[in-house]
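These are the residues of each chain, in order.
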Amino acid sequence: MILTVTMNPSVDISYPLEKFNLDTVNRVAKAIKTPGGKGLNVTRVLKQLDDKVIATGLIGGALGIDIQKKLTEMRIENKFFEISGETRNCIAILHEGNQTEILENGPTISQSESEKFLEYFEKLVQEVEIISISGSLPNGLEDDYYSKMIEICNKYEKPVVLDCSGRALVEVLKNEYKPKIIKPNTEELSQLIGKEVSKDIGELKETLKNELFDGIEWIIVSLGADGAFAKHNDKFYKVNVPKIEVVNPVGSGDSTVAGITSAIYENTSDENLLKKANTLGMLNAMEKLTGFVNLENYEKLFSKIEIVEY
Ligand code: ADP
């Protein structure tokens, strides 16, 4: 069983508009509302792969109930921890080829909720084989909260796939408790080391040798249309992907994380792990919906990926 973690989920609302008019009324014929947050995107892709998955995190209020209901309708097992605050909405207005987003911060978590969730999480960790943690931390949780969660996973020797950025990631890298895998993109990597990182292979290789990453078995840097560059212990790999027709790349990184998690769960080879992760990233980019993949094209894309050891 795989456990996915979304600490600040949302109901994602998409408003398609032919034209977005400022300072007046805009009427929307068809609003699309889906459970959102990076961890839930990962969850949806894992479900499509037919992997056994449980979704957890913090949830509250009417929108929290709505998310649970929708996940259950999708036959996704969910064990969220209820908080007193209200789960947020995140709005994307799609207009004239643009995407204007309005993102609520979401609830503030109390000290007692923060402590109780860790106890709740510790029980869940014992029921699963691997944990996939994605996205930002809600207000009220300390920057080292993911480190505390990883400490629990390490205690039960359960691997963690971590996809987060900013201060939460910095704290994890400083801490002694390590995830098995992190998946930064070049922007997140640049933020981490405090200088612009290009897609140059030599530079990426040197960057990943930085002692900041010591103790993390796998670092997979996703490079959008350029595939990925990865370090597994002392081995380095460039993943070359074929050209695809991109429809909406939002969520491709989450789909990649689903592939990584699924591959670790299956205990497959480095080559298969990298191919699976990138195939799913590409499949997401080829769809309009976030966290959705059309698996009919899986084999075709998978066979076109090239893994080169550096
Ligand atoms: P993130 O969403 O975290 O920034 P990326 O944009 O790097 O992640 O996308 C993750 C993966 O999805 C890439 O490593 C690649 O395999 C695939 N992908 C994303 N965009 C494209 C694209 N334009 N062409 C081909 N593959 C893509």
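The chain is annotated in an unreviewed UniProt entry as Tagatose-6-phosphate kinase of Leptotrichia trevisanii. Under the UniProt heading Sequence similarities (unreviewed entry), the note attached to the chain is "Belongs to the carbohydrate kinase PfkB family."

**Q** Explanation requested: the UniProt feature "domain: Carbohydrate kinase PfkB" (unreviewed entry) in the chain in the structure shown.
**A** According to UniProt, the "domain: Carbohydrate kinase PfkB" (unreviewed entry) feature falls on residues 8-291. Annotated as 37% helix and 23% strand, the span residues 8-291 places its first and last C-alpha atoms 17 Å apart.

**Q** How should I be thinking about the side chain of asparagine 284 in this particular structure?
**A** With respect to the element layout, asparagine 284 can be found in helix α9 (residues 270-285). Look at asparagine 284 and you get buried, because its relative accessible area is 0%. Reaching out from asparagine 284, the side chain makes a polar contact with the backbone oxygen of valine 250 at a distance of 3.0 Å. For asparagine 284, the residues in contact, after removing those within four places along its chain, are Asn248, Pro249, Val250, Gly251, Ser252, Ser255, Leu289, Thr290, Gly291, Phe292 and Val293.

**Q** Looking at this structure, how should I read the nonpolar core?
**A** Across soluble globular proteins, you tend to see nonpolar side chains buried next to one another. Core analysis: the biggest nonpolar cluster contains 45 residues, and Met7, Phe121, Ile131, Tyr146, Met149 and Leu162 have the highest contact counts within it. Contact partners of isoleucine 131, with chain neighbours within four places excluded, come to Leu3, Val5, Phe121, Val125, Cys153, Lys158, Pro159, Val160 and Val161.

**Q** Honestly, the pattern of salt bridges in this entry has me stumped. Any pointers?
**A** Where charged atoms of side chains with opposite charge meet at close range, the side chains can pair. Within this structure, the stated rule accounts for 15 salt bridges. Measuring nitrogen to oxygen at the nearest pair gives 2.8 Å for the salt bridge that ties aspartate 143 to arginine 167. Pair noted here: aspartate 143 is in the loop between β9 (130-134) and α4 (145-155) and arginine 167 is in helix α5 (residues 166-174), with a separation of 24 residues, a long-range link. A salt bridge links aspartate 226 to lysine 199; the shortest N-O distance between them is 3.5 Å. Taken together, the residues span a long stretch of sequence, with aspartate 226 in the loop between β12 (218-222) and β13 (228-232) and lysine 199 in the loop between α6 (186-193) and α7 (201-208) at a distance of 27 residues. Residue classification places lysine 199 among the partly exposed positions, given a relative accessible area of 40%. Members of the salt-bridge network, linked through shared partners, are Lys38, Asp163 and Asp254.

Thresholds, definitions, all that
Starting afresh in each chain, residues are numbered from 1 along the sequence in its written order. Residue-level local features of this predicted model are given only where pLDDT is at least 70; pairs of side-chain atoms are given and counted only at 80 or more, and the full residue set underlies all totals for whole chains, interfaces and linings. Just so you know, side-chain values use all the structure's heavy atoms and leave hydrogens and water out. UniProt positions are given in the numbering used here, feature names are shortened, and annotations may be inferred rather than shown by experiment. A run of H or I in DSSP counts as a helix once it spans at least four residues, and a run of E counts as a strand once it spans at least two, with each numbered from the N terminus. Three exposure classes are used, based on accessible area relative to the maximum for each residue type with a 1.4 Å probe and protein chains only: buried under 20%, partly exposed in between, and exposed over 50%. Identification of polar contacts relies on pairs of N or O atoms within 3.5 Å, with a donor-acceptor requirement for protein atoms, meaning one able to donate a hydrogen and the other able to accept it, and with residues adjacent in sequence counted only if both atoms are side-chain atoms. Note on definitions: a residue-residue contact is assigned when non-hydrogen atoms from the two residues lie within 4.5 Å. As used in this record, nonpolar core signifies buried Ala, Val, Leu, Ile, Met, Phe, Trp, Tyr and Cys residues forming a set joined through side-chain atoms within 4.5 Å. Salt-bridge detection follows one rule: a side-chain nitrogen of Lys or Arg within 4 Å of a carboxyl oxygen of Asp or Glu.

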